[in-house]
Amino acid sequence: MRTGTGQRASAAAVTTVAALVLFVLGVFPLANRFTGGHAAQWYRHALILWVVVGGGLVLLLLGLARALPGLVSGAWDTASAAVLRIPKPVFLGGVALVAFVISATLTVVCFGRQPHNADEVAQLFHAKILLSGRLSLPADPNPEFFGMDNMIDRGRWYSQFPVGGPAVLALGVALGVAWLVNPLLLALTVFPLYGFARRVHGEATARAAVLLLALCPFALFMSASFMNHVPVLFLATTALMQLAVWMDAEDSRTANRAAALIGLALGGAFAIRPLDAMSVAGVIGVMQLTRLRSSAVHVRSLGVQVVAGLLPVALLFIVNARTNGAPMLLGYDVLYGAAHQLGFHPDPYGTVHTPLRALMFASKYLLQLNVLLFEWPVPAVGVIIAGLVALRRPTRWDVFLVAMLFVQVVVYALYWHDGSFRGPRFLFTALPAIVLLTVRAPFTIASITRGAPHLAAKLALPVFVLFAWLAIGINDSMPGRIRMYRRASPVGRVDPAEVARAAGLRNALVFVNEGREARNLHYLWALGMSRGNAARIMVSASSCAVRIAIDTEEAQTPERMTGRLDRIVLAAMAFDAKPPSPLPRVCIEDEARDDAGSASFAPFFPANTIGDDGRIGGDVVYVLDLGAHNEVLRERFGDRTWYRFGPLATKADSVPRIMPY
């Protein structure tokens, strides 16, 4: 009895401390205190929205519940009973279909079924490499024309990412529907999330959780991408469901089967995103330790779990050995070296990652959840905090969910890169915990209140969701976010296949003008600069200065690598210290070309075809437009008709067209 009381007291202490930390990091704008307001520049606007709109909505709910308690209570009971009466297969199938359809629609409407950042591009091309029957391609003889961030192109040509992510995408690429892979995986995540939530919190919470996931903007927009976070979400949620089965297992067969599935899911996640997999595995492992003390069946099943988990990990290690040179060496370290690893040290771009910077990252990610997670008029982290404070007798599963969220936050705070893409993407793997903590909050608050607050708490979740999806005239809503994405990237939605069809291209070479900064970056890569050193040069001086320094280096010391970084930086800084007037002709030409129009190379690079010889080929080849340097391709592609994509045909156009070279 004392043991049980002590455990409950410990659990209550954990949730109370968690609520306090979440407030300091995720509601109070701590990140802005460290950055002079730059980390979350939107915070003041969001605070006004939360106080005025969110506060008004809460007051309206309280007033409605006080004025019409019978009507509100009856409507809630009727709606709840109707949802719970739906047969489970029909309910889950319907929710999964909703998640799939919305995410797939967003992929088309907002993003044109095209990749929009370097991670997506690199993994799509890597998927094509795998489908060509290779783990990597031979390095291209003209890498500067195909260079992309996150691609290793020295010695071998492949992406920095563990092979699991590209392998998942390869299934979609092979069928010509790579853009549907992540929407499908989000839909499939509905089933293990339901299974886990039902076992640990009951049927009502489980149904509410999967409905919230299917209508979660963060989940939907991330799944409308080619990012590898989505398959890891599915695998991590599968591991959680099987953990719940394993914890309740009373016989060896059930325990062994659940353990094997936990191992396979975590091992598969490791082959895609090792750090996320280890974070989830650590929390699951601690939870399993609490069960081992009283069950020999569970102890023996861990051997099955380890063996099952090592199968996908072994495949990753074999691929690493054949591409990166060592089983445990990841592509990230091949491309960036030790500077890529966790901890406090200079990052690949020369910025020192410090404990204060890590704390700023943790705060920034949690602050972003308030807005981008659900698009609610109230802070999402604030809802979680309210639920934790209201918990009177937290269970071990409540502590587990809190731990899953906090481990993910801490681990990625220690990582030097700012992981923001359609939301705090580094917290995406913790989405099952985040969704369940959010769903639990109104139930928990309702359980300790009476009268109007009790009824208002029940209504809060569906009302917030409806507001987020139906507030058409408000930018801080789902319709507003869709408008933002559509307005932001018309060039990014360009479909290379449609461009080629519309222009009737045959045996063509298309130069894509991505802008002078991109050109400088690729010139630096062609001079042998690492990704990190090239990025440091780019921020050290103006574009014109960097271009002049590059041209000077190529003309004077084309073969001398020693000291190249220092020479280019010093030359660029010297140019900016006393810039000539007028500017050199090459800088004027660079500006004029960009003023005429530019385009993103992101959709075009993975649209290239890999020939039987492992070289880029096919009917249409897309390369970066590097100006006069393009002439080095005459010998290789001189038999093709050359085109440019980048200049706008008229000033009224928003998207470039194919034009003769």
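Residues numbered from 1 in each chain as written. Predicted model: local features only at pLDDT ≥ 70, side-chain atom pairs only at ≥ 80, totals over all residues. Heavy atoms only, no water.

Asks: An account of the sheet that holds strand 8 (residues 641-645) is needed here, citing residue identities and associated values.
Replies: Taken in spatial order, the four strands line up as 7-4-8-9 in an open sheet, and their pairing is mixed. Across the chains shown, the open sheet's two edge strands, defined by having one partner strand only, are strand 7 (620-624) and strand 9 (658-660). For this sheet, the mean angle separating the axes of adjacent strands, direction not counted, is 35°. As paired strands, strand 4 (residues 508-512) and strand 8 are joined by five bridges and run parallel to one another. Looking across to strand 8, one finds that Val510 is bridged to Tyr643. Set on the sheet, helix 22 (residues 496-503) makes contact with strand 7, strand 8 and strand 9; between it and strand 7 the angle comes to about 120°. (Pairing = 2+ DSSP bridges. Helix = DSSP H or I, 4+ residues; strand = E, 2+ residues; numbered from the N terminus. Axes fitted to C-alpha atoms, helices over the stretch in contact; angles between N-to-C directions. Contact = heavy atoms within 4.5 Å.)

Asks: Let's hear about the nonpolar core: which residues, and what values?
Replies: For soluble globular proteins, nonpolar side chains are generally found buried alongside one another. In terms of nonpolar packing, the biggest core is built from 140 residues, with Trp376 and Phe400 touching the most fellow members. When near neighbours in sequence (up to four residues on either side) are disregarded, Trp376 contacts Leu49, Trp50, Leu212, Val383, Thr438, Leu461, Phe464, Val465 and Ala468. Counting 68 residues, the second-largest nonpolar core is a separate cluster that includes Trp157, Val499, Met529 and Ala602. (Core = buried A, V, L, I, M, F, W, Y, C linked by side-chain atoms within 4.5 Å. Buried < 20%, exposed > 50% of the residue type's maximum accessible area, 1.4 Å probe, protein only.)

Asks: Help me get a handle on the pairing of strand 8, residues and values and all.
Replies: Two elements, strand 8 and strand 9, share three bridges in a ladder whose sense is antiparallel. Bridging from a neighbouring strand, Arg644 pairs with Met659 of strand 9.

Asks: I'd like a description of unusual backbone geometry, backed by residues and values.
Replies: Peptide bonds are, in most cases, trans, and in most cases residues other than glycine have a negative phi. Note that the residue after Ser581, namely Pro582, is joined by a cis bond; omega there is 5°. When you line up the elements, Pro582 lands in the loop between helix 26 (564-577) and helix 27 (585-595). Its identity is not glycine, yet Arg113 carries a phi of approximately 60°, on the positive side. Within the element layout of this structure, Arg113 appears in the loop between helix 5 (88-109) and helix 6 (118-131).

Asks: Lay out the pattern of salt bridges with the relevant residues and their values.
Replies: Evaluated as defined, the whole model comprises 24 salt bridges. Here Asp495 and Arg113 are joined by a salt bridge, their closest N and O atoms 3.8 Å apart. Placement of the pair is Asp495 in the loop between helix 21 (478-488) and helix 22 and Arg113 in the loop between helix 5 and helix 6, with a sequence separation of 382 residues. A salt bridge links Arg531 to Asp153, with the shortest nitrogen-to-oxygen separation between them at 3.6 Å. Highlighted residues: Arg531 in helix 24 (residues 531-540) and Asp153 in the loop between strand 2 (151-152) and strand 3 (156-159), separated in sequence by 378 residues. Residue Arg531 is classed as buried on the basis of its relative accessible area of 6%. (Salt bridge = Lys/Arg side-chain N within 4 Å of Asp/Glu carboxyl O.)

Bear in mind that shape data such as this cannot, by itself, settle questions of function.
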